[in-house]
Structure formats: C-alpha cells, structure tokens
Amino acid sequence: VESRGLGDVYKRQMLHDLSDGLNEKDITLEVSQKAKEFILDKSYNRQYGARPMRRFIEKNIEDKLAQMLIKGELKHGKTVLIDIKEDEITAGIK
C-alpha cells in the first residue's frame, strides 16, 4: 500500500507537469480515473521508482499528443481526454 501511494504521487506530478505544458498552448488535459489507475498499474515499479512511469507516460501519452499537435488535430482552446479503451491508452478531443 505504501509503495502504491508513492507511485500515485509520482503519477500526479508527471501528469500535472504535462498539463502545465499543454496549458501554455491553451490546451486542457483531462485524464479519466481509469486511465490514471492504468498508468499506475502498468508503469510504477517500486525498485526503480518513477523512471519507468516517466517513460510510460512519454511513450503512451506525450507521443500521441505530439502527433495530434503536428497533424493539427489538437489546437488552442481544445480539451484532450486521456482514457482507456481495450486495455490501451487513448487520446481524444473533447
């Protein structure tokens, strides 16, 4: 239970940092509770701490958002929702 609590702290901080970066572009980030739990379950490692979680968020969320920005799908004033579908992280415009 204690290690999961620490993992939750790491997760919140990393998602907060990501959200801050998007806010600078006037984009709002929302992450469903299912997605938050999925991130924690799939990425936190008590032995290695937050490093695997950082890589997981980069690969599964930040890369998707970057592609959406490049394609022009994610624009100023929009909200992006991170969720889970079929055991995979999804990013959609809300």
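Look a little higher up for the structure.
Residues numbered from 1 in each chain as written. Predicted model: local features only at pLDDT ≥ 70, side-chain atom pairs only at ≥ 80, totals over all residues. Heavy atoms only, no water.

Asks: Help me get a handle on helix α3 (residues 51-70), residues and values and all.
Replies: If you check α3, its first and last C-alpha atoms are 26 Å apart, about what 20 residues at 1.5 Å a residue would give, namely 28 Å. The positive-phi residue at the C-terminal boundary of α3 is Gly-72, with phi of around 80°. (Helix = DSSP H or I, 4+ residues; strand = E, 2+ residues; numbered from the N terminus. Expected span 1.5 Å × (residues − 1).)

Asks: Can you explain the pattern of salt bridges? Please cite residues and give values.
Replies: One pass over the structure, following the stated rule, counts six salt bridges. Close ionic contact of Asp-8 with Lys-11 constitutes a salt bridge, the shortest N to O distance being 2.4 Å. In this pair, Asp-8 and Lys-11 are both assigned in helix α1 (residues 2-23), three residues apart and thus about one turn of the helix distant. Salt-bridge contacts for Lys-42 lead to Asp-87; the nearest nitrogen and oxygen are separated by 4.0 Å. Separated by 45 residues along the polypeptide, Lys-42 in helix α2 (residues 33-43) and Asp-87 in the loop between β2 (79-85) and β3 (88-93) bring together distant segments of the chain. When salt bridges that share partners are traced, they join Asp-8, Lys-11 and Arg-12 into one network. (Salt bridge = Lys/Arg side-chain N within 4 Å of Asp/Glu carboxyl O.)

Purely geometric numbers; function is a separate question.
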